[in-house]
Amino acid sequence: MVAKRSVVVVGAGITGAAISFFLAKSGHQVTVLEKDALGSAVSGASLACITPHMIDLSEIELLKWSCRAWLNLANDSRANFEYVRCGQLRFIERESEAAAAARHVEAERSLGINSSFVEAENIRCIEPNLTGPVAAATYDPDGATVNPFLAVRTLLLNAKSFGAAIRPHTPVEEIEIQNGCIVGVVSGSELIRCDCVVLASGPWTAQLAQLCNVNLPILPRKAQCLASVAVPPGTIRSVVSSCEASGGVEAGYTQIQQSSSGQILFNTVLAGGLSEPGAQNFVPEVDPVFVADSIAQLLRLFPCLENTQWLRSWVRYEAVAPDQRFLIGPLEADGLFVAAGDAGTGFIRAPAVGQLISDMLADKESTFRAEPYAPNRFENRR
Ligand SMILES: Cc1cc2nc3c(=O)[nH]c(=O)nc-3n(C[C@H](O)[C@H](O)[C@H](O)COP(=O)(O)OP(=O)(O)OC[C@H]3O[C@@H](n4cnc5c(N)ncnc54)[C@H](O)[C@@H]3O)c2cc1C
């Protein structure tokens, strides 16, 4: 029989919400502490696409499991987080990159992903308004999106139905450790006692780990989004992204989609990547160059959007480790765990991260290989 533990999860983004759900469902006594409103950091501002397509092939088992878990959650009659199976189309701008993308798709198919390579002349069957100059594309019809706010809330409510306590506006300021074991966390004048603490605090995780003298190589990375007013449904049908795996659009990651409410959403991270430590504490204005470039890129790909009005834009920070993978697992103190380093794909991975942490607390064999995510993996490198 698995020992039931009292666990504090620090952070109520999608990672903390999924961990809380999996732990509470396994019978642990869970308390979620969130310094601000639930899902108010990067999670609530996400485009929340769920697909394993054109991501690191070595993570495929975890990604496939996670995508299935999302589908199962969506099929649960209590869930309502706008899961839409819209497909994902990854466009390729340069002819020279098509062969690499085709090879990646072949490898995906051999691993059980329903993806395909799409010649330029067939792209319009999938995305009729994508009339700009693209050389080819790859397509996963099973790609989906969820409403990010509703998804965070649904997972937290599910955790609550298994007895979890959810406490927004409760910042963790200290982590109490005695004789190498977790005793609890401090928020204001309150000591909240527990056996385990899971740091699911996104770009704030390194700062929190420092409280326990643990150095974690997690840095913030700026992600920006531009939103239009609502346009007719079906103007953009799928999630349209640049084809990173074959070195697509040079300005970094690009993602374009239409929300259920009709808005066109354009997301990218800045070229050059990481921000200064602590940048997440001072969310700046959106870069005006980003807005101009985004509009230009959108009009090049979707000329039909020419007369569309642009409504607003926002900035959030993702958490990134040097190899762009999550850090998931125990830290030095007994009972202290980390689950952070989303690298901009935290929605896809969240259920799998929840399952891994749940396996670890139960001392069970992992559902997936845990070594690639070991928090100490960088210490062994010379
Ligand atoms: C525009 C945009 C589009 C995106 N599109 C996608 C996509 O299509 N698919 C995808 O998978 N991902 C996407 N992402 C990335 C995705 O949103 C993130 O990977 C994910 O939300 C990370 O979740 P998290 O819970 O780890 O982090 P966060 O959402 O940052 O949650 C961490 C939480 O910890 C809290 N916290 C920090 N310190 C403390 C403390 N001391 N005490 C208590 N609480 C604390 C914070 O307030 C925060 O709420 C996108 C991101 C953006 C910005």
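Just so we're clear, the structure is a prediction, and the values are computed from it rather than from any experiment. (Residues numbered from 1 in each chain as written. Predicted model: local features only at pLDDT ≥ 70, side-chain atom pairs only at ≥ 80, totals over all residues. Heavy atoms only, no water.)

Caption draft 1: Structural view of the site of the ligand. Around the ligand there are 37 residues in total, and T15, E34, S43, C49 and D342 lie nearest to it. In this structure, an oxygen atom belonging to the ligand sits 2.8 Å away from a main-chain N or O atom of G346. Between the ligand and the protein, one listed contact pairs an oxygen atom with a backbone N or O atom of F347 at 2.9 Å. Of all elements in the fold, only α1 (14-25), β13 (219-230) and α8 (346-361) reach the threshold of two or more residues within the shell around the ligand. (Near = heavy atom within 4 Å. Polar contact = N/O pair within 3.5 Å; in protein donor to acceptor, adjacent residues only side chain to side chain. Helix = DSSP H or I, 4+ residues; strand = E, 2+ residues; numbered from the N terminus.)

Caption draft 2: Layout of the sheet that holds strand β12 (residues 196-199). Strands sit in the order β8-β2-β1-β12-β19-β18 across an open sheet of six strands; the sheet is mixed. Each having just a single partner strand, β8 (165-167) and β18 (327-330) make up the two edges of the open sheet. Taken over all neighbouring pairs, the strand axes of this sheet differ in orientation by 15 degrees on average, direction set aside. Note: β12 against strand β19 (residues 336-340), three bridges, orientation parallel. Across the sheet, the residue bridging to L199 is V338, located in β19. (Pairing = 2+ DSSP bridges. Axes fitted to C-alpha atoms, helices over the stretch in contact; angles between N-to-C directions.)

Caption draft 3: Main features of the side chain of E318. Within the secondary structure layout, E318 lies in strand β17 (residues 310-320). Taking the relative accessible area as the measure of exposure, E318 reaches 9% and is therefore buried. Of the polar contacts made by the side chain of E318, one reaches the side chain of R221; its length is 2.8 Å. (Buried < 20%, exposed > 50% of the residue type's maximum accessible area, 1.4 Å probe, protein only.)

Caption draft 4: Representation of the layout of surface pockets. Size it by volume and the second largest pocket reaches roughly 660 Å³. As for the second largest pocket, its lining consists of 29 residues, of which Q258, S259, S260, S261 and L265 are closest to the centre. Elements that contribute at least two residues to the lining of the second largest pocket include exactly α5 (148-161), β15 (254-258), β16 (263-274) and β17. Here the element with the most residues in the lining of the second largest pocket is β17; it accounts for three residues. (1 Å grid on protein atoms, 1.4 Å probe; cavity = no way out; pocket = protein on both sides within 12 Å on 5 of 7 lines; lining within 4 Å. Points joined across faces, edges and corners; volume = space filled by probe spheres on them.)

Caption draft 5: View of the domain arrangement of the chain. Considered domain by domain, the chain is made up of domain 1 (6-45 + 148-217 + 323-373) and domain 2 (88-141 + 219-320). The centre of domain 1, based on its C-alpha atoms, is set 30 Å off from the matching centre of domain 2. Listed by partner, the interface residues are 14 residues for domain 1 and eleven residues for domain 2. Taken together, the two surfaces of domain 1 and domain 2 that pack against each other cover about 1,100 Å², and 52% of this comes from carbon and sulfur. For the domain 1 face of the interface with domain 2, the top three residues by lost area are V42, A45 and P203, together amounting to 40%. Counting every contact that joins domain 1 to domain 2 gives zero salt bridges. Along the contact surface separating domain 1 from domain 2 lie eight residue pairs in polar contact (both at pLDDT 80 or more). Residues belonging to the side of domain 1 that touches domain 2 are distributed by class as follows: seven nonpolar, six polar and one charged. (Domains from an automatic or database assignment. Contact = heavy atoms within 4.5 Å. Buried area = accessible area lost by both parts, 1.4 Å probe. Salt bridge = Lys/Arg side-chain N within 4 Å of Asp/Glu carboxyl O. Nonpolar A, V, L, I, M, F, W, Y, C, P; charged D, E, K, R; others polar.)

Caption draft 6: Just the sheet that holds strand β10 (residues 181-187), in detail. Ordered in space as β9-β10-β11, the three strands form an open sheet in which the pairing is antiparallel. Here the strands that pair on one side only, and so sit at the sheet edges, are β9 (174-178) and β11 (190-193). Averaged over all neighbouring strand pairs, the angle between strand axes comes to 30 degrees, with direction disregarded. Relative to β11, β10 runs antiparallel, the two sharing four bridges. Within the sheet, the bridge partner assigned to V186 lies in β11 and is L191.

Caption draft 7: Looking closely at the pairing of strand β4 (residues 88-92). Across the five residues that make up β4, a large majority, five, are buried. The alternating pattern of β4 places Q88, R90 and I92 on one face and L89 and F91 on the opposite face, and all of these are buried. Where β4 lies against strand β6 (residues 136-140), five bridges are found, and the strand directions are antiparallel. Looking at the pairing, F91 lines up with A137 of β6. Sheet analysis places β4 next to strand β14 (residues 239-242), joined by four bridges and oriented parallel. If you follow F91 over to β14, its bridge partner there is S242.

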